[in-house]
Amino acid sequence: KSYFILYESFLVWYLRPPKTLFDINPAGCLPLGGCQVFPLGKLSGGYGFEITSTAFPPGHSLVLKCRELASTQMWIDQMITCQSATYENSTQGDRAINELN
């Protein structure tokens, strides 16, 4: 069992519940830019979804599971939303604002 937090454009995970949102000892961190998220439906013990990423070796993915279907859909929706909060998009937006000035 792992514990996950969406933080800006990252999926951060821990091996035990984090003490705070700013716990600096995660087990891993996945930038969500370049990811795709797919629902997998009912799996043993819950509802799953799969994350593919350009950061993964070819043919690899991350499969996560929630106890309830509504929670699974919420994670999928939030990950899709977080994908747009990348460094590249931030700098592009900053350039566009500076060009207007």
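Coordinates for the structure precede this section.
Just so you know, these numbers come straight off a predicted model, no measurement behind them. (Residues numbered from 1 in each chain as written. Predicted model: local features only at pLDDT ≥ 70, side-chain atom pairs only at ≥ 80, totals over all residues. Heavy atoms only, no water.)

A. Expanded view of the packing of aromatic side chains. One pass over the full model with this rule turns up one aromatic pair. Between Phe4 and Trp13 the ring centres are 6.2 Å apart and the planes differ by 40°, which places this aromatic pair in the tilted class. With relative accessibility at 25%, the residue Phe4 sits in the partly exposed group. Residue classification places Trp13 among the partly exposed residues on the basis of a relative accessible area of 23%. Sitting above the plane of the Tyr47 ring, Lys42 keeps its charged end 4.9 Å from the centroid. (Phe/Tyr/Trp six-rings, centres within 6.5 Å; stacked < 30°, edge-to-face > 60°. Buried < 20%, exposed > 50% of the residue type's maximum accessible area, 1.4 Å probe, protein only. Lys NZ or Arg CZ within 6 Å of the ring centre and 35° of its normal.)

B. Layout of the layout of surface pockets. A volume near 370 Å³ is recorded for the largest pocket. Along the walls of the largest pocket sit 13 residues, with Lys1, Ser2, Phe4, Lys65 and Cys66 positioned nearest its centre. Of the residues contributing to the lining of the largest pocket, the split by class is eight nonpolar, two polar and three charged. (1 Å grid on protein atoms, 1.4 Å probe; cavity = no way out; pocket = protein on both sides within 12 Å on 5 of 7 lines; lining within 4 Å. Points joined across faces, edges and corners; volume = space filled by probe spheres on them. Nonpolar A, V, L, I, M, F, W, Y, C, P; charged D, E, K, R; others polar.)

C. Layout of helix α1 (residues 69-82). Look at α1: 20 Å from first C-alpha to last across 14 residues, which is about the 20 Å you get at 1.5 Å a residue. For α1, every residue scored as buried is listed here: Thr72, Trp75, Ile76, Met79 and Cys82. Angular distribution of buried residues about the axis of α1 spans 135°; they occupy a single face of the element. Facing away from the buried surface of α1 by more than 90 degrees, the exposed residues are Leu69 and Ala70. Residues of α1 that are buried sit in contact with β1 (3-7), β2 (10-14), β4 (35-43), β5 (46-53) and β6 (62-66). (Helix = DSSP H or I, 4+ residues; strand = E, 2+ residues; numbered from the N terminus. Expected span 1.5 Å × (residues − 1). Arc of directions from axis to C-beta. Contact = heavy atoms within 4.5 Å.)

Geometric values such as these leave the question of function open.
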